[in-house]
Amino acid sequence: MRLNGKTALITGGSSGLGAAMARRFVAEGANVVIADIDDPNGEALAAELAPKARYVHLDVTQEADWARAVEGIDTLDCVINNAGITTAGNIEQVTLEQFRHEFDIDVVGVFLGCKYAVAAMKNHGGSIINMSSLAGIKATADLVAYNGAKAAVTLMTKSVAMHCAKSGYGIRCNSIHPGVIHTPILDKVLAQVPNPDEVYAGWVAVHPIGRIGKPEDIAAMAVYLASDEANFTTGAEFRVDGGSSI
Ligand SMILES: NC(=O)c1ccc[n+]([C@@H]2O[C@H](COP(=O)([O-])OP(=O)(O)OC[C@H]3O[C@@H](n4cnc5c(N)ncnc54)[C@H](O)[C@@H]3O)[C@@H](O)[C@H]2O)c1
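Residues numbered from 1 in each chain as written. Predicted model: local features only at pLDDT ≥ 70, side-chain atom pairs only at ≥ 80, totals over all residues. Heavy atoms only, no water.

Asks: How do you make sense of the pairing of strand β1 (residues 7-11) when you look at a structure like this?
Replies: One face of the sheet, then the other: side chains in a regular strand alternate in exactly this way. In terms of burial, β1 is a largely internal element, five of the five residues being buried. Both faces of β1 are covered, namely the face carrying Thr-7, Leu-9 and Thr-11 and the face carrying Ala-8 and Ile-10. Across five bridges, β1 lies against strand β2 (residues 31-36) in parallel orientation. In the sheet register, Ala-8 faces β2, and the bridge partner there is Val-32. Following the chain from β1 across helix α1 (residues 16-27) to the adjacent parallel β2, one finds a crossover that is right-handed. Sheet topology places β1 next to strand β4 (residues 78-81); three bridges connect them, and they run parallel. Looking across to β4, one finds that Ala-8 is bridged to Cys-78. (Buried < 20%, exposed > 50% of the residue type's maximum accessible area, 1.4 Å probe, protein only. Helix = DSSP H or I, 4+ residues; strand = E, 2+ residues; numbered from the N terminus. Pairing = 2+ DSSP bridges. Right-handed = clockwise from strand over helix to strand, strands pointing away.)

Right, here's the structure in full:
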């Protein structure tokens, strides 16, 4: 088992990629703190994975929630800043309120996650994994807020990595950039469009590998980055996107 004895906190752990990472981390021997605002699903997953997992209510935008969540952990080895939302719309459509909301969760949430992770891990080292996106590297017209937020995560990750490396903390910080991955977020989109088969086929078409991703594809990368196998890896962008960024 590649994560034996390690403790990881995963934000947005109640659903989608976060839930897949929680399951895989437990299978690899880790103890997992599932952190989310979706209490029913988070508690159900923690019960499924008990005694290796527990649930904590954590709104990533609230500093007091971070303080409380981290305080309850003896030795924290990994923080995965995964919670996020997707605001669709171009520069003419997205309102200031929507833009601020996107940045509050996807950027301020990651900033606070990195801040509390560094404070908790600086004496013994660890791994911070920030969930960016292919949209944090490559822009599309109708994702102005999401592109901006995920690009901020991409470079914030490198700044944190540099600081930790120069400070000799033994903390690594990397970002993952998924392509389109089949999670509940996509089902919600497909339920809203008149032509779901066509939309799904369009997603598949932009991935040269011939399919969209599975949450397990992302969980596998997160295991590597959390493990000691990655101990020379920091400040890097990991694209798990079926070749869609080629
Ligand atoms: N699914 C994809 O295709 C895809 C592609 C690239 C990047 N991502 C990124 O991966 C991450 C996870 O996405 P997903 O597809 O699993 O989505 P999801 O909607 O299934 O899960 C997101 C989780 O974040 C939680 N969350 C939302 N706001 C929160 C807050 N303020 N505090 C704490 N938790 C909060 C939600 O309750 C939910 O459980 C996101 O950052 C997303 O941008 C997803």
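Asks: Is there a simple way to think about the sheet that holds strand β7 (residues 237-240) in this case?
Replies: Pairing between the strands of a sheet comes from backbone hydrogen bonds, and it takes one of two forms, parallel or antiparallel. Reading across the sheet, the seven strands line up as β3-β2-β1-β4-β5-β6-β7 and stay open at both edges, with parallel pairing between neighbours. Pairing within the sheet leaves two strands with one partner each, and these edge strands are β3 (53-57) and β7. When the angles between neighbouring strand axes are averaged without regard to direction, this sheet yields 20°. Relative to strand β6 (residues 171-178), helix α5 (residues 144-167) is tilted by about 160°, and along the sheet it contacts β5 (126-131), β6 and β7. (Axes fitted to C-alpha atoms, helices over the stretch in contact; angles between N-to-C directions. Contact = heavy atoms within 4.5 Å.)

Asks: Would you take a moment to explain the packing of α1 against helix α2 (residues 39-49) for this structure?
Replies: Working note: a packed helix pair is described by the angle between its axes plus the distance between those axes. α2 packs onto α1 with a crossing angle of 15° between their chain directions and a minimal axis gap of 11 Å. Relative to α2, α1 is oriented roughly parallel. Of the two possible hands of crossing, α1 and α2 adopt the one that is right-handed. Every residue of α2 that contacts α1 at Ala-19, Ala-22, Arg-23 and Val-26 is listed here: Leu-45, Glu-48 and Leu-49. (Parallel < 35°, antiparallel > 145°, perpendicular 65-115°, else oblique. Left-handed = near helix turned anticlockwise from the far one by under 90°.)

Asks: Just to check I follow, could you spell out the side chain of Glu-28 for this structure?
Replies: Looking at the element boundaries, Glu-28 is found in the loop between α1 and β2. Given the relative accessible area of 12%, Glu-28 is considered buried. Beyond its immediate stretch of four places on either side in the chain, Glu-28 contacts Met-1, Arg-2, Leu-3, Asn-4 and Val-223.

Asks: Any chance you could explain the packing of aromatic side chains here in plain terms?
Replies: Given two aromatic rings, one states the distance between the centres and the angle between the planes to describe the pair. On inspection of all chains with the given rule, the structure shows three aromatic pairs. Plain terms: the ring middles of Tyr-224 and Phe-238 are 6.5 Å apart, the flat faces sit at 70° to each other, and that makes the pair edge-to-face. Taken together, the residues Tyr-224 in helix α8 (residues 215-226) and Phe-238 in strand β7 connect sequence positions 14 residues apart. By relative accessible area, Tyr-224 is classed as partly exposed at 25%. For Phe-238, a relative accessible area of 18% corresponds to the buried category. (Phe/Tyr/Trp six-rings, centres within 6.5 Å; stacked < 30°, edge-to-face > 60°.)

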